[in-house]
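# Tertiary structure, described
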Amino acid sequence: MVQRVVAKAICMGVAIVSMHTNLDAARGGVNFKIAEKLGLTNVDFIGRTQTVQVAAMAGEPAATVEGGAGVMGEWTEPMAADDFIVLLKQTFGVECVMANQLLRRGIRRVALCGGAGSFLLGEAISRGADAFITGEMGYHEYFGHEQEIQIAVIGHYQSEQFTTEILKTIITERCGGLKCAISDIDTNPIIYL
């Protein structure tokens, strides 16, 4: 299917830009958008970070862009684990959240990584996160963390669904007068029955 879309775009003179992982990792990118949607404050990177120089765009100077594998932020007041799960279901429009045993203490510090971010669980724990949110996680990764950290897995697609909002903001801010709309078409290949 992807090949047909690309071929059709070429025939129609349409450019396709793909910036998946770098948009996930950039400051202001997918992980920051997830944190924003959850109302987290004091958000900063966790995991491997890097700073890169970006070439200048027409009429603009070169820029330095920070990137990191995931982010961690906090709420001013702790939240009960069951309320946390309800918040995730409402914010991301999911019917279920895969989780380990619910914490019997409040959740205030939240680490997250959209998509397949389970590799950051250990760092989230070492940095003192009360909860860790990601899109995918293997079965065995849930073991051994009871009452240590609240694990919440919301689905890969669901964790990255706000990417279109980021792109629309960038396009409308940088391409004055260009009409930009977000499609309502759901491209998630997984269905929940």
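The structure this text deals with has already been given above.
Structure report, in brief. Here, residues in each chain are numbered from 1, in the same order as that chain's written sequence. Per-residue local features are limited, in this predicted model, to residues with pLDDT of at least 70; the limit for side-chain atom pairs, both in listing and counting, is 80 or more; totals at the level of whole chains, interfaces and linings are taken over all residues. Only heavy atoms go into the side-chain values, all of them from the structure, while hydrogens and water stay out.

Turning next to the state of the cysteines. To count as a disulfide, a pair of cysteine sulfur atoms needs to be within 2.5 Å. The full count for this structure, using the stated rule, is zero disulfides. Free cysteine: Cys96, not disulfide-bonded; nearest cysteine sulfur from Cys113 at 20 Å. Classification of Cys96 by relative accessible area gives partly exposed; the value is 45%. Between buried and exposed lies partly exposed: a residue is buried under 20% and exposed over 50% of the maximum accessible area for its type, with that area taken using a 1.4 Å probe on protein chains only.

Right, let's get into the packing of helix 3 (residues 30-37) against helix 7 (residues 163-174). A pair of packed helices is captured by two measures, namely the crossing angle of their axes and the spacing between those axes. Inter-axis angles, ranging from 0 to 180 degrees, are taken between N-to-C directions of lines fitted to C-alpha atoms, where helices are fitted over the stretch in contact. Elements are defined by DSSP. Helices are runs of H or I of four residues or more, strands are runs of E of two residues or more, and each kind is numbered from the N terminus. Axis separation between helix 3 and helix 7 bottoms out at 9 Å; the angle between their running directions is 105 degrees. One element, helix 3, and the other, helix 7, form an angle in the roughly perpendicular class. Judged by residue contacts, Val30, Lys33 and Lys37 of helix 3 engage Thr163, Glu165 and Ile166 from helix 7. Class assignment of the residues belonging to the contact of helix 3 with helix 7 gives a composition of two nonpolar, one polar and three charged. Should an angle fall under 35 degrees it is called roughly parallel, over 145 degrees roughly antiparallel, and 65 to 115 degrees roughly perpendicular, with every other angle called oblique. The contact definition used throughout considers only heavy atoms, calling two residues in contact when any of these lie within 4.5 Å. Each residue is assigned to one of three groups, with Ala, Val, Leu, Ile, Met, Phe, Trp, Tyr, Cys and Pro labelled nonpolar, Asp, Glu, Lys and Arg labelled charged, and all others, Gly among them, labelled polar.

Relative to strand 2 (residues 63-79), strand 1 (residues 41-54) is paired through 10 bridges, and the arrangement is antiparallel. Along strand 2, the bridge assignment pairs Ile46 with Gly70. Summarising the sheet, strand 2 and strand 4 (residues 107-113) pair through five bridges and their orientation is antiparallel. In the sheet register, Gly73 faces strand 4, and the bridge partner there is Val110. Being paired, for any two strands, means DSSP has found at least two bridges between them.

With that out of the way, let us pick up the nonpolar core. As used in this record, nonpolar core signifies buried Ala, Val, Leu, Ile, Met, Phe, Trp, Tyr and Cys residues forming a set joined through side-chain atoms within 4.5 Å. With 27 residues, the main nonpolar core has Leu38, Phe84, Leu88 and Ile133 as its most contacted residues. Going through the elements one at a time, helix 3, strand 2, helix 4 (81-92), strand 4 and strand 5 (131-134) are the ones with two or more residues in this core. Once residues within four sequence positions are removed from consideration, Ile133 is found in contact with Leu38, Phe84, Leu88, Val110, Ala111, Leu112, Cys113, Ala152 and Ile154. Counting 15 residues, the second largest nonpolar core, distinct from the first, contains Ile46, Cys113, Leu120 and Val153.

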